[in-house]
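# Fold and geometry: a report
Below are the chains, spelled out letter by letter.
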Amino acid sequence: MSVVVSAENLTKKYGDLVAVNGINFSVKQGECFGLLGPNGAGKTTTIKMIQCVSPKTSGKLEVLGMDVDLYSKEIKKFLGVVPQENNLDPDFTVYENLMIYSRYFSISKNKAKERVERLLKFMQLEEKRDVMIERLSGGMKRRLIIARALLNEPKILILDEPTVGLDPQTRHLIWDKIKSLKKEGVTIILTTHYMEEAAKLCDRLVIMDYGRILVEGKPDNLVKERIGNSILEVEANSEILLCLQRMRLEFEVVGDMIHIFTDRPYDLMFTLMNQCRLNRTAVRSATLEDVFLRLTGRVLRE
């Protein structure tokens with residue numbers, strides 16, 4: 001697969017603040033590439049540089065083989081963007097929002113009508129075509145914004161928190177649509193705070209923090225490499241902590257529980273029952289969220 005986005009030592013500064021600090025990554029054609037990280041990690045800043053709406057400070061960034069500093073207008077023609085906020089025009093209907101937006105790409109009226117009809121069907125909004133924006137649910141608005149982003153038949157679709165605040169049914173519907181777009185060869189760049197979403201949709205991803213990339217890889221591989229297959233959860237107390245330290249096991253204290261990372265949880269549980277006084281215990285599969293929290297910490301950031 002060819003590379004459609006390439007960043008080398010990409011840096012963005014706002015005065016003394018380094019928002020993106022010399023990162024390197026590439027996005028391949030037809031894949032879903034995720035950018036994960038806590039608030040302020042540099043995800044949205046990176047996205048804005050790819051969109052050519054925020055100039056980079058230094059480094060190299062190419063989109064579809066074009067330098068973002070030299071070919072921003074040309075690059076934008078091939079991008080579809082779903083922003084975090086709902087920025088639909090409340091003065092127009094669903095259908096009118098799409099038709100008016102098509103003018104930004106100089107799409108002929110007949111071709112625009114054809115695409116609008118197809119996208120309304122694709123996003124299951126046909127029955128809402130003549131409804132004003134204020135009468136749409138949050139999920140309908142997000143689906144409409146995705147439809148709008150596809151009007152110019154983009155080569156790269158940028159999704160910035162596409163399912164934030166949506167109910168499970170709408171979220172799964174949008175996931176299905178994203179998967180179908182990927183099958184059609186559309187390259188997708190995704191930012192999300194939902195680790196399940198990233199694990200289901202992303203072929204590869206990076207986890208960022210404080211403007212740097214901490215890890216990069218396939219979701220499943222990152223879980224296996226950083227955590228293992230399973231986590232044994234044990235109720236925390238000072239006696240068990242001392243016991244685990246004597247056994248030199250790798251663990252993390254999370255509230256009133258201890259997380260022990262292992263590929264053989266039931267064997268370990270049996271061993272601990274013989275050597276430590278266990279109270280409440282549980283075994284579960286390790287997830288991408290475990291990797292995320294272990295790398296970026298559990299302190300709330302706002």
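Residues numbered from 1 in each chain as written. Predicted model: local features only at pLDDT ≥ 70, side-chain atom pairs only at ≥ 80, totals over all residues. Heavy atoms only, no water.

This part is about the overall build of the protein. Of the regular secondary structure elements, the protein holds 11 helices and 14 strands. For the protein, the C-alpha atoms occupy an extent of roughly 75 × 45 × 35 Å along the three principal directions. Of all 302 residues assigned to the protein, the portion counted as buried reaches 48%. Contacts in the protein between residues at least 24 apart in sequence constitute 68% of all its contacts with a sequence separation of at least 6. Carbon together with sulfur atoms contributes 46% to the accessible area of the protein, which is approximately 15600 Å² in total. Within the protein, one finds 45 positive and 41 negative side-chain charges whose respective centroids are separated by 3 Å. (Helix = DSSP H or I, 4+ residues; strand = E, 2+ residues; numbered from the N terminus. Buried < 20%, exposed > 50% of the residue type's maximum accessible area, 1.4 Å probe, protein only. Contact = heavy atoms within 4.5 Å. Areas by Shrake-Rupley, 256 points an atom, 1.4 Å probe, with all protein chains shown as cover. Lys, Arg positive; Asp, Glu negative; His and termini not counted. Charge placed at Lys NZ, Arg CZ, Asp CG, Glu CD.)

All right, on to the sheet that holds strand 13 (residues 257-262) then. What the four strands build is an open sheet, ordered 12-13-11-14; its pairing is antiparallel. Two strands lie at the open edges of the sheet, namely strand 12 (251-254) and strand 14 (281-285), each paired on one side alone. For this sheet, the mean angle separating the axes of adjacent strands, direction not counted, is 25°. By the bridge criterion, six bridges tie strand 11 (residues 230-235) to strand 13 in an arrangement that is antiparallel. Note on strand 13: the bridge partner recorded for Val234 is Ile258. (Pairing = 2+ DSSP bridges. Axes fitted to C-alpha atoms, helices over the stretch in contact; angles between N-to-C directions.)

This brings us to the environment of Val68. Secondary-structure assignment places Val68 in the loop between strand 5 (66-67) and helix 2 (72-76). Val68 gets classed as buried once you look at its relative accessible area, which sits at 9%. Each C-alpha atom of the pair Val68 and Ile50 lies 7.4 Å from the other, and the pair is 18 residues apart in sequence. Those residues in contact with Val68 that sit more than four places away from it in its chain are Met49, Cys52, Lys56, Leu61, Val63 and Ile75.

By the element assignment, Glu96 lies in helix 3 (residues 94-102). Overall, the relative accessible area of 34% leaves Glu96 in the partly exposed class. Note: C-alpha distance between Glu96 and Val131 (35 residues apart in sequence) is 9.6 Å.

The next thing to look at is the pairing of strand 2 (residues 17-28). Here eight bridges tie strand 1 (residues 3-14) to strand 2, and the two strands are oriented antiparallel to one another. Considered in strand 2, the bridge of Val5 is made with Val27. A loop of two residues connects strand 1 with strand 2, the two strands running antiparallel in sequence, and Gly15 in this loop sits at a positive phi of about 65°.

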